[in-house]
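Notes for the structure review
Residue-level listing of the chains:
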Amino acid sequence: MDQLTTIFEEHRSRLFQIAYGMLGRVAKAEDAVQEAYLRWQKLDLEQIQNPAAYLSTIVSRICLDQLKSAKNRREKYVGPDLPEPLLESDKDNPQQQTELAESLSMALLVVLEKLTPVQRAVFLLHEVFGYNYSEIAGMIGKSKAHCRKIGQRARDHIQEGRPRFDTDKEKQEKLLHSFMEAVQHGNIANLEKMLADDAILYSDGGGKVTAARRPIFGANKIARFMVGIRKQQQDHAVEVEFTEVNGVPGLVVHIADKLHSVWSFEIADGKVQHIYTVLNPDKLSHLSHT
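Here's a quick rundown of the structure.

The rules we used
Residues numbered from 1 in each chain as written. Predicted model: local features only at pLDDT ≥ 70, side-chain atom pairs only at ≥ 80, totals over all residues. Heavy atoms only, no water. Core = buried A, V, L, I, M, F, W, Y, C linked by side-chain atoms within 4.5 Å. Buried < 20%, exposed > 50% of the residue type's maximum accessible area, 1.4 Å probe, protein only. Helix = DSSP H or I, 4+ residues; strand = E, 2+ residues; numbered from the N terminus. Contact = heavy atoms within 4.5 Å. Salt bridge = Lys/Arg side-chain N within 4 Å of Asp/Glu carboxyl O. Expected span 1.5 Å × (residues − 1).

This part is about the nonpolar core. Ranked by internal contacts, the top residues of the largest apolar core, which has 51 residues, are Phe8, Tyr20, Met22, Trp40, Leu112, Ile136 and Ile140. Counting residues per element, the ones that place at least two in this core are helix H1 (3–23), helix H2 (26–40), helix H3 (51–75), helix H5 (106–112), helix H6 (117–128), helix H7 (133–140) and helix H8 (144–158). If one sorts the elements of this core by residue count, H1 sits on top with 10 residues. The contact partners of Met22, leaving out residues within four places of it in the chain, are Ser60, Cys63, Leu64, Leu67, Arg120, Ala121 and Leu124.

Under the defined criterion, the tally for this structure stands at 9 salt bridges. Salt-bridge contacts for Arg12 lead to Glu9; the nearest nitrogen and oxygen are separated by 2.9 Å. Separated by 3 residues within a single helix, Arg12 and Glu9 lie in helix H1, roughly one turn from each other. Look at Arg12 and you get partly exposed, because its relative accessible area is 28%. Residue Asp81 pairs with Arg25 through a salt bridge whose shortest N-O separation is 2.6 Å. Remark: Arg25 occurs in the loop between H1 and H2 and Asp81 occurs in the loop between H3 and helix H4 (94–104); sequence separation between them is 56 residues.

This part takes up H6. Over its 12 residues, H6 extends 16 Å from the first C-alpha to the last, a length consistent with the 16 Å expected when each residue adds 1.5 Å. Three or more residues of H6 are buried, namely Val118, Gln119, Arg120, Ala121, Val122, Phe123, Leu124 and Leu125. Backbone geometry just downstream of H6 places Gly130 in the positive-phi region, at approximately 75°.

Here's what the structure looks like:
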């Protein structure tokens, strides 16, 4: 490979994380990274002092343009609009999964939907990817002082809803297995005990498949909803695979050998705080080989 390509490949994983964090879409994030690669190939490397920052600038600006153009489409989306899930892969090591949980969990990306595109970019670049405001100013074309104010507004917007996670993965996985066992046996009382009183379940069908079009609030309602879903599927061959989704415990569900849904669980204080389920086939197409 030539030097430009070699440098780009060294940063590809981080560039994808930035793009995915901003867009919440796997294919669109990959397209943004590819567009950045094409632009990068046309540059004179001798004129670039900091390749990592320069590449992040290219990707950030591509994603900002996409977010602004996608605003109307998202406003018309049917039901909760969740990010496309990222599954654990054989290439991911435990440290990468932990970083993913802390930086690009489903829970955090949902909270970031409250922000404007520019606020989202500044928050991610500063809080998640560690760029200082001077660097971010150059990336998004605003002054350092303005970026600092944008970052503060972004933190204020999402502070209350920013997710918390238990750090003990083994305990999280044990709780999730117990949770699904209770679902399987229709044990609503046990499910309620494992759910936080103010738990919320989000179900994203995008108007393409049957899903709850509004979030479901409260332990009892969620428990009954989960048991109701299982009863509807009892005549079908259901396969549940435990895995990590965006770095936290989750599930991949196949029905009749067909990918049906991906579930992600935010677990804190020993209880399930939020559940995110993606059923929209358009958002699962990148996983259809699983």
